[in-house]
Structure formats: structure tokens, C-alpha cells
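# Chains, contacts and geometry: an overview
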Amino acid sequence: MNGPILPGATIGVLGSGQLGRMLALEARRMGYRVHTFAPDHDSPTGQVADLEVSAEYDDLDAVEAFAAAVDVVTFEFENVAAEATAAAARHAPVRPDGSVLHTTQNRVREKRFLAAGGFPVAPWVEVRSCEDLVAGIEELGCPAVLKTAGWGYDGKGQVRIGSPGDAEGAWTSLDTDEAVLESFIEFEQEVSVVIARGLDGAMAHFGVLGNHHVRHILDVTIAPAKVSRKTASAAIELAEHIAEQIDLVGVLCVEMFVNAEGELLVNELAPRPHNSGHLTIDACITSQFEQQLRAVCGLPLGSTFQLRPAAMANLLGDLWAQGEPGWASALRTPEVKLHLYGKAEPRTGRKMGHLTALGATVEAAEESVREARRALRLKIETGTFPAVKG
Ligand code: AMP
């Protein structure tokens, strides 16, 4: 094995959104150079990178030229085709490996991987036609959720099926030839574990994060999550086993449902830093982005020790409906930190930034971050987390 990729070297990032931006900021702090590759111009990552290459992901010559100019390639965007990661891999190590992306960017492949590894998932079936869907509904019962196999995120490409009569309309509306049908889970709460795994197989996680979604989009994360010790250990163990089984080098987020009995079902994998881990920037010794950098560079992982309880609230484009949000009012709470991603167009549902608050307790942190966001005139309906069980 070659030695670690050291400060002064160049990190290549496929994708140019906020995840790449936060990685690039950490990388530059540590003395690395950053190149980003995506079809966009003046992107969130491009604004803070040394070089922004604007080209399509299927322009394999451009991908090869990009990879030839960097020391390691990683990604912040999941829907990069296997051909593009293979093209990059001809010139520089790609971490995590393209095969990890290939598995996790398609829900059928991801479910097969999880099922083969014996990891708990909601009952599901593959669907390639309306007939498959009708048979699937018969097998799983209602309610159920139909999800496109590819290109789904933040609840996009998903339809809830309330009764067998919904089959035809749901299949037509998804406009796909590959999907999964899952039983609808009456979960008590949603949690995630963000875990890093180094080149040497060492692993470090940030504990269990508690996630509250609104309209299928992450709204608020708290750390630590309000789960029993037993559920927390089980969630971490699942994430460790998955990271090993998929042979991760980098960061992986495992999203899970927790039922009333404290049992876990894996919902989704993301082989990169995750929105639910953003609070690690302000709350932990090493953030999920620094950890990604360390892992893909073959460096030792940093301490994930959490300095104080924390909460993160997303800032969606909706917040701009009545004009520019009142940034100064939100920052009146001294323990609130503002992160904006440099996106020019505040569209509905678009992630524009986030707030993080630290507090003496997780409840206090959550209250501060919600209060700060209210001060920005947020219109989104919010909820609170349930009490700890068992
Ligand atoms: P996904 O894109 O699969 O992460 O789904 C986005 C959100 O939709 C999840 O975080 C859940 O809040 C909800 N959801 C997805 N699948 C299910 C399911 N099988 N049962 C209940 N809620 C679900």
C-alpha cells in the first residue's frame, strides 16, 4: 500500500453541492487543494475550491482529465455512473470505491445487498411493471410505499399506496421501469449513524443521531438521539457491520427506523457525509467532513468526541418566500452557528443552509436552534422528539 496522501496534495470531488463545499472548507483548512467536477458553474463547492471543472458526468474524457490532475477522487453526489468512476479510477484512487456507489445509488441493488447481509429492512419486493406492483401489494398489504430504484432523494420518486386501487395511478406517476415496493413502517422515530472507515479498516462513528423529517425532507437533527442504550448499541453495531461488509473507505450514513419496541430497520445508505451529520462541524472534535478527508487520504481517523449536546435545523428555500431571512435575529443566540451554501436560487424544498446550536442538554440545543430558525420567519411546520424509551 502506498503512503498517505498528505497536505499539499489535491483532492478531487465528483459533485459540487454543499457536501463538497463543507469537505473543501475542511480540506483547505488542513492545507490541501481541492478540484470539483460537476455540470454546474459557480457551485457551492466551486466557490471554495481551487478549481471548478464544469462538464457532464458522462463526458468520460473530461472525467479522466480531472482525475489525472488530482491525488485522490472522492464524491459528494451519489448519482455518478459506474463508467465515470471507472474512468476516474484509471488515473487516481477512487474512495469509496465505485462499487460502493454502484450498490447504494440504486434501491434494488441496495436492498439486495442489505438482505444478503442479513441486515433488517422493511418487507419489500422488486417492481418492474404494474402487474408486479399489483402482486407486490397483495404480498405486502397496505399501506405501502413505492420508490423508484434510481435518482430518489428527499422523498422524490416516492408514492404512498393506501389501497390496492392506487396501483395503476402510482405506477404511471413514477414513470420508471424499476422500483421497490416497501411496507409502510409506523416508526416511533428515525435515526442515523454516520460512520467513517479508514484505509486500514479502523472505524469511528458519531453516535446515534435523531432525525425529524417534514414532507420527507430532513428538518431537524439532534445529537445524541433519544434512544435507549440498547437501541443505540444495536444501531452502531449495524452501521459497523454494513461499513465492513461494503468495504467502505470514507464516510457512510445509515438511516434507520426505530419502532415502538426499540427495534431497528435500515431505510437507506449514503456512502458520503450526510445532512444528519452536519452538526458534527460545530459539536465534535473531528467533523464528518474532516473524517471523510482523513479516510480517503489514508490518514488516521480523528476523535469523534462530542463537546456538547447539539441540534441542527435545515434552512430550505421556502424561508426566502418573504424576502431575505433575518440573519442577524437568528444570531442573537450566541450558541447558534450559521452555515450557508452559496446557492443563488432559493427554490422551495432546496437546502440553502443550516443552523447548529449547542446546549447544556439536547432539549436546550433543540429549543435554541428552532427558536433561531423561527427568528428567520420559517414557515415550515415542526414537531418535537419523543421521550426516551426503555
Ligand atoms: P427515503 O428517500 O427512502 O430516505 O425516504 C424519505 C423519508 O420518507 C424517510 O426518511 C421517511 O420519513 C419516509 N419513508 C420512507 N420509506 C418509508 C417507509 N417504508 N415507511 C414509512 N416512512 C417511510
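Residue numbers here run from 1 along each chain, matching the order of that chain's written sequence. The predicted origin of the model limits local features to residues at a pLDDT of at least 70 and limits the giving and counting of side-chain atom pairs to 80 or more, whereas totals for whole chains, interfaces and linings rest on all residues. No hydrogens and no water enter the side-chain calculation; it runs on all heavy atoms of the structure.

### Observations concerning the site of the ligand
In plain terms, the rule: Nearness of a residue to a molecule or strand requires only that one of the residue's heavy atoms be within 4 Å of it. Polar contacts here mean pairs of N or O atoms no more than 3.5 Å apart (in protein, one a potential hydrogen donor and the other a potential acceptor; neighbouring residues in sequence count only if both atoms are side-chain atoms). Accessible areas in this description were obtained via Shrake-Rupley with a 1.4 Å probe; residue shielding takes into account the shown protein chains only. Secondary structure counts use DSSP, requiring at least four H or I residues in a row for a helix and at least two E residues in a row for a strand, with both numbered from the N terminus. The nonpolar class holds Ala, Val, Leu, Ile, Met, Phe, Trp, Tyr, Cys and Pro. Asp, Glu, Lys and Arg form the charged class, and all remaining residues, Gly among them, are polar.
The ligand sits among 16 residues. The nearest are Lys147, Glu182, Ile185, Glu190 and Glu268. The side chain of Lys147 places a nitrogen or oxygen atom 2.8 Å from an oxygen atom of the ligand. Glu190 places a side-chain nitrogen or oxygen 2.6 Å from an oxygen atom of the ligand. In the complex, the protein chains occlude 95% of the 480 Å² of accessible area that the ligand would expose alone. When residues of the shell around the ligand are traced back to their parent elements, those giving at least two are strand 6 (144-148), strand 8 (179-183) and strand 13 (264-270). A per-class count over the shell around the ligand returns five nonpolar, six polar and five charged.

### Here's the deal with the pattern of salt bridges
Going by this rule: Whenever a carboxyl oxygen of Asp or Glu lies within 4 Å of a side-chain nitrogen of Lys or Arg, that contact is scored as a salt bridge. Relative accessibility under 20% of the residue-type maximum defines a buried residue, over 50% an exposed one, and the middle range a partly exposed one, all with a 1.4 Å probe and only protein chains included.
Inspection of the entire model under this criterion finds 21 salt bridges. Notably, a salt bridge pairs Lys111 with Glu182, separated by 2.9 Å at the nearest N-O pair. Residue Lys111 is located in helix 5 (residues 107-116), and its partner Glu182 is located in strand 8; the two are separated by 71 residues in the primary sequence. Grouping residues by exposure puts Lys111 and Glu182 together as buried. Salt-bridge contacts for Arg112 lead to Glu126; the nearest nitrogen and oxygen are separated by 2.9 Å. Here Arg112, found in helix 5, pairs with Glu126, found in strand 5 (residues 124-127); they are 14 residues apart in sequence, far enough to count as distant. Look at Glu126 and you get partly exposed, because its relative accessible area is 28%.

### Brief notes about unusual backbone geometry
Residues Cys142 and Pro143 are joined by a peptide bond in cis, for which omega reads 0 degrees. Tracing the sequence through the fold places Pro143 in the loop between helix 6 (130-140) and strand 6. Residue Asp175 is not a glycine yet carries a positive backbone phi of 50 degrees. Structurally, Asp175 is set in the loop between helix 7 (167-174) and strand 8. A residue is classified by how much of its surface remains accessible, and Asp175, at 68% relative accessible area, is exposed. One non-glycine residue with positive phi stands out, namely Arg215, at about 50 degrees. By secondary structure assignment, the location of Arg215 is in the loop between strand 10 (203-214) and strand 11 (217-223).

### Examining the packing of helix 1 (residues 18-29) against helix 10 (residues 288-296)
Stated formally: Only C-alpha atoms enter the line fits that serve as axes; for helices the fit covers just the stretch in contact. Angles between N-to-C directions range over 0 to 180 degrees. These descriptions rest on fixed angle ranges, namely under 35 degrees for roughly parallel, over 145 for roughly antiparallel, 65 to 115 for roughly perpendicular, and the rest for oblique. Left-handed is the label given to a crossing in which the near helix is rotated counterclockwise from the far helix by less than a right angle, and right-handed is the label when the rotation is clockwise. Here, residues are in contact when the closest pair of their heavy atoms is within 4.5 Å.
As a packed pair, helix 1 and helix 10 sit with axes 8 Å apart at the nearest point and diverge in direction by 70 degrees. Classified by the angle between their axes, helix 1 and helix 10 sit roughly perpendicular to one another. The handedness of the crossing between helix 1 and helix 10 comes out as right-handed. Residues Leu19, Met22, Leu23, Glu26, Ala27 and Arg29 of helix 1 pack against Phe289, Glu290, Gln292 and Leu293 of helix 10. Across the contact of helix 1 with helix 10, the residue classes break down as six nonpolar, one polar and three charged.

### Digging into a negative patch on the surface
So the rule is basically this: Each patch groups residues whose relative accessible area exceeds 30% and which form no salt bridge, using 9 Å between like charges and 5 Å between nonpolar side chains of Val, Leu, Ile, Met, Phe, Trp and Tyr. Only four residue types enter the tally: Lys and Arg on the positive side, Asp and Glu on the negative side, with His and both chain ends excluded. Think of each charge as sitting on NZ of Lys, CZ of Arg, CG of Asp or CD of Glu.
A grouping of Asp40, Glu56, Asp58, Asp59 and Asp61 is seen on the molecular surface, where their side chains present a negatively charged patch. Counting through the fold element by element, Asp58 comes out in the loop between strand 3 (51-54) and helix 2 (60-68).

### Details of the nonpolar core
Stated precisely, the cut-off is as follows: What we call a nonpolar core is a set of buried Ala, Val, Leu, Ile, Met, Phe, Trp, Tyr and Cys residues that are connected through their side-chain atoms within 4.5 Å. Here the bounds of each domain stem from an automatic or database domain assignment.
By size, the foremost hydrophobic cluster in this structure holds 31 residues, and its most contacted members are Val208, Ile242, Met256 and Val266. At the level of elements, helix 5, strand 9 (189-197), helix 8 (229-245), strand 12 (250-258) and strand 13 are the ones that each hand at least two residues to this core. At seven residues, helix 8 tops the list of elements feeding residues into this core. Residue-level mapping places this core at the junction of two domains, with at least three residues from each of domain 2 (123-183) and domain 3 (189-375). When residues no more than four places from it in sequence are discounted, the contact partners of Val266 are Leu114, Pro120, Val121, Leu238, Ile242, Val254, Glu255 and Met256. Judged by nonpolar contacts, the second largest core, of 20 residues, contains Ala9, Val34, Ala49 and Leu299.

### Here's the deal with the pairing of strand 4 (residues 72-75)
The condition that has to hold: Note on pairing: two strands pair once DSSP finds at least 2 bridges between them.
By the alternation rule, side chains of strand 4 split into Val72 and Thr74 and Val73 and Phe75, which are all buried. In this sheet, strand 4 lies alongside strand 1 (residues 10-14) in parallel orientation, the contact comprising four bridges. Paired with Leu14 across the bridge in strand 4 is Phe75.

### A few points about the domain arrangement of the chain
Buried accessible area, meaning the area lost when the parts come together, often serves as the stated size of an interface. Let me state the cut-off plainly: In this description, buried area is defined as the sum, over both parts, of the accessible area (probe of 1.4 Å) that is lost when the two are combined.
As far as domains go, the chain holds domain 1 (10-94), domain 2 (123-183) and domain 3 (189-375). Spacing between the C-alpha centres of domain 1 and domain 3 amounts to 23 Å. The interface is formed by 18 residues belonging to domain 1 together with 21 residues belonging to domain 3. Buried area between domain 1 and domain 3, summed over both chains or domains, comes out near 1800 Å², and the portion from carbon and sulfur atoms is 64%. Joining domain 1 to domain 3, the criterion identifies two salt bridges. The shortest N-O distance in the salt bridge between Arg29 and Glu290 comes to 2.8 Å.

### Concerning the side chain of Glu182
What makes Glu182 buried here is its relative accessible area of 3%. Every residue in contact with Glu182, bar those within four places of it in the chain, is listed here: Lys111, Ala122, Pro123, Trp124, Leu140, Ala144, Val145, Lys147 and Asn267.

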